[in-house]
Number of protein chains: 2
Amino acid sequence: MFSKTTEYALRAVIYIAQKGTEENKLGLADIAKAIHSPRSFTAKILQQLTAGGKIISSVRGPGGGFYISAKAKKLPVRSVLSVMGEDVKLEKCVLGLKHCSEEKPCPMHASYKLIKPLIIDLFESKTIEMLANEVSAGKSNIGNL
Amino acid sequence: MFSKTTEYALRAVIYIAQKGTEENKLGLADIAKAIHSPRSFTAKILQQLTAGGKIISSVRGPGGGFYISAKAKKLPVRSVLSVMGEDVKLEKCVLGLKHCSEEKPCPMHASYKLIKPLIIDLFESKTIEMLANEVSAGKSNIGNL
DNA sequence: GTAATAAAAGATAAAAATATCCTTAATTAA
DNA sequence: TTAATTAAGGATATTTTTATCTTTTATTAC
Ligand code: FES
Ligand code: FES
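Residues numbered from 1 in each chain as written. Chains lettered and ligands numbered in written order. Predicted model: local features only at pLDDT ≥ 70, side-chain atom pairs only at ≥ 80, totals over all residues. Heavy atoms only, no water.

> Would you mind going over the protein's contact with DNA strand C with me for this structure?
Near DNA strand C you find 24 residues, and of these Lys44(A), Ser58(A), Thr5(B), Pro38(B) and Pro62(B) are the closest. In DNA strand C, atoms within 4 Å of the protein come from the sugar-phosphate backbone in 58% of cases. Between DNA strand C and Gly61(A), the relevant distance is 3.1 Å, taken from a sugar or linking oxygen to a main-chain nitrogen or oxygen of the residue. When contributions to the surface near DNA strand C are tallied by element, the ones reaching two or more residues are α3 (39–50), β1 (57–59) and β2 (65–67) of chain A together with α1 (4–19) and α3 (39–50) of chain B. Counted by class, the surface near DNA strand C contains nine nonpolar, ten polar and five charged residues. (Near = heavy atom within 4 Å. Polar contact = N/O pair within 3.5 Å; in protein donor to acceptor, adjacent residues only side chain to side chain. Helix = DSSP H or I, 4+ residues; strand = E, 2+ residues; numbered from the N terminus. Nonpolar A, V, L, I, M, F, W, Y, C, P; charged D, E, K, R; others polar.)

> Teacher, can you tell me more about the protein's contact with DNA strand D here?
Close to DNA strand D lie 24 residues; Thr5(A), Pro38(A), Pro62(A), Lys44(B) and Ser58(B) are nearest. At a separation of 3.2 Å, a phosphate oxygen of DNA strand D approaches a polar backbone atom of Lys4(A). Between a sugar or linking oxygen of DNA strand D and a main-chain N or O atom of Gly61(B), the distance comes to 3.2 Å. At the level of elements, α1 (4–19) and α3 of chain A together with α3, β1 (57–59) and β2 (65–67) of chain B are the ones that each hand at least two residues to the surface near DNA strand D. Tallied by class, residues from the surface near DNA strand D come to nine nonpolar, ten polar and five charged.

> Any chance you could explain the interface of chain B and chain A here in plain terms?
Every contact between the two is made by 36 residues of chain B and, on the other side, 36 residues of chain A. Of the roughly 3400 Å² buried where chain B meets chain A, counting both sides, 67% is carbon and sulfur surface. When the area that chain B buries against chain A is broken down by residue, the three leading residues are Met1(B), Leu95(B) and Pro107(B), summing to 18%. The salt bridge partner of Lys92(B) is Glu7(A), with a shortest N-O separation of 2.6 Å. Taken together, chain B and chain A are joined by six residue pairs in polar contact (both at pLDDT 80 or more). Of all the elements, helix α6 (residues 109–125) of chain B adds the most residues to the side of chain B that touches chain A, at eight residues. Residues of the side of chain B that touches chain A, tallied by class, amount to 23 nonpolar, five polar and eight charged. (Contact = heavy atoms within 4.5 Å. Buried area = accessible area lost by both parts, 1.4 Å probe. Salt bridge = Lys/Arg side-chain N within 4 Å of Asp/Glu carboxyl O.)

Note that every value here comes from positions in space, so none of it alone points to a role or purpose.
So, in structure tokens, the structure goes:
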């Protein structure tokens, strides 16, 4: 559904939301290990997520690391997709036509249009916090690769 | 959702099902133009779809080209995904965990599991023929890029 | 200040996906 | 049998994605 890059981003954000706070920041090594992602590559992704303070925050130096504000935790999962530039994928035509629309639909559209809003809602209605809480409650995990 | 390669494959198969017959085979140039795909790249894809006579058939030489048997037209769209090696994508975990399952679910799973079977059914229940008929009836198209 | 720590930034590297081109083989028609 | 046609097969080329490594900058502790 998404690129590996975005999968790492989602798992990292959920992990940071679950385990980190401004008082207890998480380091790159910790995060990469927890979500089973390549360390240096994850660093690049965390940079993206930090840029402009959109999703997560970071502090350099001893005691530094990554965390996410209570406010940002309320963001929909889709905001992570957006930062990674993959929220457009949710609107894509199944057959690769330029636009997925009623005006010039592909032959999959009639059936797909019933499901598409459900998929989009999946990422709109769930917040980062909700997913983190799921993991904290022991109902799910992000480390089992 | 799928790779460009698979999108081309899907559009090509639908086009062949719609316009071609064993008596009226379609040439590579025709197909590539109709579905707006790069010609030589499309040739490779058509080879894959032809291999083992799984989906489409081909004949070389003058008057040759590609066509699809009446029997193959009844195949579900998923069979095309299968030949392209992307039907596994339908089973993938949204967050990229090794397995999407109830046993070790990711935090998206609880919501996603409601939609996943609908997506799979989309490709299981629709046959190549159904999509081709949709286009023939003027209800949809595969050329509008 | 100096040293240690940790993320940011930059430069490459490796792998996979996408795409093109050239040669070969099969088929047909003349 | 020769020439023309069309897909198959093979070799490369380009682009994008994924990944690693090195240097720089910010922060803290001493
Ligand atoms: S136009 Fe193809 S899925 Fe909507
Ligand atoms: S386990 Fe992640 S979607 Fe099912």
